[in-house]
Amino acid sequence: MRLVKTLSFTPMIRPPSCKLLLGLTFLSLVFGEAIFAQTATLTTGNVSSAATLTVQPVGAKSAAAKPADLKHYLITNYGAVADGTTLNTAAIQKAIDAATAAGGGVLEVPKGTFLSGSLFFKKGVELYLDEGAVLLGSQNINDYVKQTTRIEGHFTEWRVALINFTQMDQVRVGGSGQLNGNGASYWAEFYSQRSANPATTNLDVERPRLMFIDRCKDVRVENISFQDSGFWNLHLYHCSDVHIEGLRINAPRSPSTDGIDVDSCQDLTIRKCQISNNDDDIALKGSKGPHADDDKDSPPDENILIEDCEIGSGNGLLTCGSEATIVRNVIVRNCTINGNATMLTLKLRPDTPQHYSNITLDGIKLNGGGRLIAVAPWNQYFDLEGQPPPTRSIDHITIRNVTGSFGSFGSLRGNLPDARRGTLGDTISDFSIENVNVTLRNPAPLSRGEVANFTYKNVMVNGEAVEAPPATVLPARGGRGGGFGPATGSAQPATTWNAAMTPPSATAPAPATSSDTTPPAK
C-alpha cells in the first residue's frame, strides 16, 4: 500500500465501464433519485465488483499514517536547516533526486520551519510533512522557476509553485504539517500595482501557487494545511482519478488565493476539507476566450464529488469559472458554510463558449452572511479577439435540502444579447430549487431572468413560504465582474479558523500584513 489508501466507491484503476456508471449516477441524481444507496455492478472480463457513489472513510494507511513500507529521505540528512531563514531549495531538491535515483521513496519534512523556493517531485517520490513541519515559501520571487505553465486557462511563461508534480502517476502527499506561502509581500505588491493602475491583472504581478499538480493520474493529497499562499493554493490541471481529503486551507484578505482550483479534470473527489479565503473556495476551471471549445488541452471538468466540506469566507463553495468551458456531472453534498462565502457561483463569460450541466447541491447547511446563488455575467477582461460571439448554456441544476441562516438569496441571470458589443445571450433551463428553509438578513426574493423549466418548490424564507419569483429584465451592468459586485472575491475579510481547526504554525515567522484595503484581483 502506498502513502494513501483510497476511495472504496470504485476501484481506483477504473474499468472502462466506470465512466458509464458515473454518468448514469449523476443523471439519476438530477432527476431526483437518491444516490446514497445506489449500487451498480461493474464487469470487466472476469472481474466483477460492486460500486456505489458513497465514499467510505480512508483506511488506516491514509496520509495520516506515516508510510513504513517505503524508504524515507529526511531532508535534514541532505543539509536542510529548520531555522525559517536559510534557503533550503537545493538541499531539499537533492533529497528528492536521491529518492528518484534509488527508484522512489518518501521525502520527509520533520518538525521545524524550512524556507524554500520551487521544488520538483519526480516519479515514485512522495511528500510527507510531519506534525509541526512547515515548508515556508520564499518571499523572493526569483526563488521560483519561471517556465511555461498553466495559468488562468492558458499556458504562458510564469512562476511555478512551491511544490510541483508534473506528468506522474501515483502522486502522494500526506502528513499533518503545513505548506505556508508566506504570501503577504506578494499581496502587498499586487495591491500596490493595482492601486497605481486599476487595469492591473493577475498575470502582471508574478505570485507563486502553493502546489501545482500537472497532468497526473491517481492523485492523493490528504490532511496537510495550506496557509497564506501568494496566489492559488492547490491547482490541479488535466488530472484524473483524484482524491483530496482533510485539507485545511486558509488565507486572509488577499488577492486570488483560491482554495482548490480543479482545471480540466475528471473523476475527482474532494471531501472533509476546511477552506476559508478571499476568492473561490472550490473552483472548476478550464479554458477561456472565443476559441476555448477548440482547446484540446482543456477537456471537460466532469464526474466530480464534493462532500462533507466546511467553508468560511470566499467567492463560492462551488464556483464555475471565471475561465471554464464544459463543466458537467457535479455533486456537492452535506457541506457547511460558516462565513460569507457564496453557495453556488456560475460565471458566464460573453467571450467564451460555456456549458454548465448536471450540477447538484444537496444538504447544505448555512451559518453566515453570503448569497445562496450568484449566477450572472462575468465581463472581466472581455475580448472576442475579432471572432464571432460564442454561446453559453446552463441546464439541469438542482439545489435542494438547504437550511440555516444566511445573507441573501442572490441572483439567477445570464447575459442579454448586446448588439453594441456583438455578444449573444445565454440559455438557462431546467433549474430546480427545492426544500429550502432559510433565515435571511436580506429577505428580497431571488432576482431571476428568463429560465425555461424553472422549479421552485417548498421554499421557506424567514419562516414563511414563498412563491417562485417572476422573471424580470434588468439593465446591463458594467464593471469587471458583471453582476457579481466586486470582481475579485468576498467583500469581507476571510474567516480565520479557530485553534481546533488550524494546525500548529508557531514555528513559522509571522509575515507582515498589509493594511491596504483595495479589493483583490480576480
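Just so we're clear, the structure is a prediction, and the values are computed from it rather than from any experiment. (Residues numbered from 1 in each chain as written. Predicted model: local features only at pLDDT ≥ 70, side-chain atom pairs only at ≥ 80, totals over all residues. Heavy atoms only, no water.)

Q: Any chance you could explain the sheet that holds strand β17 (residues 234-237) here in plain terms?
A: Pairing between the strands of a sheet comes from backbone hydrogen bonds, and it takes one of two forms, parallel or antiparallel. Spatial strand order, β6-β11-β14-β17-β20-β23-β26-β29-β31-β33-β35: 11 strands in an open sheet with parallel pairing. Either end of the sheet is taken by a strand with one partner, and the two such strands are β6 (119-121) and β35 (447-448). Here strand β29 (residues 344-348) runs beside strand β31 (residues 371-377); their pairing, made up of five bridges, is parallel. Of the residues in β31, the one forming a bridge with L346 is V375. (Pairing = 2+ DSSP bridges. Helix = DSSP H or I, 4+ residues; strand = E, 2+ residues; numbered from the N terminus.)

Q: What's the story with the packing of aromatic side chains in this structure? I'm lost.
A: Between two aromatic rings, the relevant description is the distance of the centres plus the angle of the planes. Per the counting criterion, the structure on display carries eight aromatic pairs. Here the aromatic rings of F409 and Y456 are separated by 6.2 Å at their centres, their planes lie at 40°, and the arrangement is tilted. Taken as a pair, F409 in strand β33 (residues 408-412) and Y456 in strand β36 (residues 452-461) lie far apart in primary sequence, 47 residues in all. A residue is classified by how much of its surface remains accessible, and F409, at 2% relative accessible area, is buried. (Phe/Tyr/Trp six-rings, centres within 6.5 Å; stacked < 30°, edge-to-face > 60°. Buried < 20%, exposed > 50% of the residue type's maximum accessible area, 1.4 Å probe, protein only.)

Q: Where do I start with the nonpolar core in this structure?
A: A general feature of soluble globular proteins is that nonpolar side chains tend to end up buried together. Counting 97 residues, the largest nonpolar core has I213 and L236 as the members making the most contacts within it. Once you skip the residues sitting within four places of it in the chain, I213 turns out to touch F165, V171, V219, V221, L234, H235, L236, Y237 and C239. Listed in part, the five residues of the second largest apolar core include A184, W187, F190 and Y191. (Core = buried A, V, L, I, M, F, W, Y, C linked by side-chain atoms within 4.5 Å. Contact = heavy atoms within 4.5 Å.)

Q: Would you take a moment to explain the pairing of strand β23 (residues 282-285) for this structure?
A: The two faces of the sheet receive side chains in turn, since in a regular strand these alternate between them. Covered by surrounding structure in β23 are I282 and L284 together with A283 and K285, the residues of both alternating faces. Strand direction decides the pairing type here: strand β20 (residues 260-263) and β23, joined by four bridges, are parallel. Along β23, the bridge assignment pairs I260 with I282. Here β23 pairs with strand β26 (residues 318-320) via two bridges, running parallel. When the bridges of β26 are listed, A283 appears paired with T319.

Q: Please explain helix α2 (residues 89-101) as it appears in this structure.
A: One turn of an α-helix holds 3.6 residues; hence residues three or four places apart share an orientation. With 13 residues, α2 extends 18 Å from end C-alpha to end C-alpha; this agrees with the ideal 18 Å at 1.5 Å per step. Regarding α2, the residues found buried are T89, A91, I92, Q93, A95, I96 and A99. Taken from the residues just after α2, G103 is the one with a positive phi, measuring 95°. (Expected span 1.5 Å × (residues − 1).)

Q: I tried to follow the environment of D301 on my own but got confused; where do I start?
A: By the secondary structure assignment, D301 is in strand β24 (residues 301-307). Put simply, D301 and S264 are 37 residues apart on the chain and 4.8 Å apart in space, counted from C-alpha to C-alpha. Setting aside residues up to four positions removed in sequence, D301 forms contacts with V262, D263, S264, C265, L284, K285, G286, I326, V327 and R328.

Q: I tried to follow the pairing of β36 on my own but got confused; where do I start?
A: Sheet analysis places strand β34 (residues 426-440) next to β36, joined by eight bridges and oriented parallel. Across the sheet, the residue bridging to I433 is Y456, located in β36. Both β36 and strand β37 (residues 464-465) contribute to a ladder of two bridges, which runs antiparallel. Bridge pairing in β37 places V461 opposite E464. Where β36 folds back onto β37 in an antiparallel hairpin, the turn is made up of two residues, including N462, whose phi is positive at roughly 50°.

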